[in-house]
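Summary of structural features
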Amino acid sequence: MASVAKLLKTAEKYGVTVVHHGNGHYQLTGKLLVNYYPESKKQTAYVAGTTGGHHGVDEFRAVMMALKPPVKALDKPKAKRKNNVRLVRWKMWQAGFRHCYVCKQQFSDFEETTLEHVIPLDKGGLDHPNNRALSHALCNQLRANNMPELEHHEGPPVNSVALLPMLVQAVPPSKMVEKLLPPELQGVNKETPW
Ligand SMILES: [Zn+2]
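1. Some details on the nonpolar core
Within the largest apolar cluster, 29 residues are counted, with the highest numbers of intra-cluster contacts made by L28, V34, Y36, A45, V47, A62 and A66. Contributing elements (two or more residues each) for this core: helix 1 (4-13), strand 2 (26-29), strand 3 (33-36), strand 4 (45-47), helix 2 (59-65) and strand 6 (132-136). Lining this core are residues from two domains, each supplying at least three of them: domain 1 (2-65) and domain 2 (85-185). In contact with L28, other than residues within four places in its own chain, are A11, V16, V18, V34, Y36, A62, V63 and A66.

2. Quick look at helix 1
Those residues of helix 1 not exposed but buried are L7, T10 and A11. Taken around the axis of helix 1, the buried residues stretch over an arc of 100°, which confines them to a single face. Opposite the packed face of helix 1, turned more than 90 degrees from it, sit the exposed residues A5, K9, E12 and K13. Packed against the buried residues of helix 1 are strand 1 (17-20), strand 2 and helix 2. Just beyond helix 1, the residue with positive phi is G15, at close to 70°.

3. Observations regarding the sheet that holds strand 4
In space, the 4 strands of this open sheet follow the order 1-2-3-4, with antiparallel pairing throughout. The sheet is open, and its two borders are formed by strand 1 and strand 4, each paired with just one other strand. Between one strand axis and the next, the sheet turns by 20° as a mean value, whatever way the strands run. Relative to strand 4, strand 3 runs antiparallel, the two being bridged by 3 bridges. In the sheet register, N35 faces strand 4, and the bridge partner there is Y46. Sheet contacts for helix 1: strand 1 and strand 2; angle to strand 1, the most-contacted strand, approximately 145°.

Criteria and thresholds
- Residues numbered from 1 in each chain as written.
- Predicted model: local features only at pLDDT ≥ 70, side-chain atom pairs only at ≥ 80, totals over all residues.
- Core = buried A, V, L, I, M, F, W, Y, C linked by C-beta atoms within 7 Å.
- Buried ≥ 20, exposed ≤ 12 C-beta atoms within 10 Å, placed from the backbone.
- Helix = DSSP H or I, 4+ residues; strand = E, 2+ residues; numbered from the N terminus.
- Domains from an automatic or database assignment.
- Contact = placed C-beta atoms within 7 Å.
- Arc of directions from axis to C-beta.
- Pairing = 2+ DSSP bridges.
- Axes fitted to C-alpha atoms, helices over the stretch in contact; angles between N-to-C directions.

This is the structure:
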């Protein structure tokens, strides 16, 4: 069994924060968000947004999992992409994803977008809304299955669900959409597209 005291000490040393969510579930926040069960028999840890957990994870490895690109769990197949990628992209575009996840530039056109996964599928990332982003075809190719953004990353973990609304750049609702809203909501929430 891993020791919580050692976990806290190791985490502090590497600038990773640890929050106990009860029932032995510890959440480690570094560059990535990691869920860890140090007191369980299997000592499971998994990077949020990935397909599988790792067993027998000691305190040090759990902390490293919050700092380095994930390694896919061996017993889990690579996640399959949804078939209708174009529709997925279109829905994201409609929801306000207008900036490339990789270069941060604004797209000039929907046709420029490709489906990007924050945690690459080859690293165990899920093809799930929480792990999806849009990027230019070339940016997507250059990033490939790497996560260069982790190198100098500061701020909230890149795979935290809470981060996604920040990736969705504010698009003010068009006048047409606003007219469809009930009067009490018109003019409210201009910052978010929905
Ligand atoms: Zn780009």
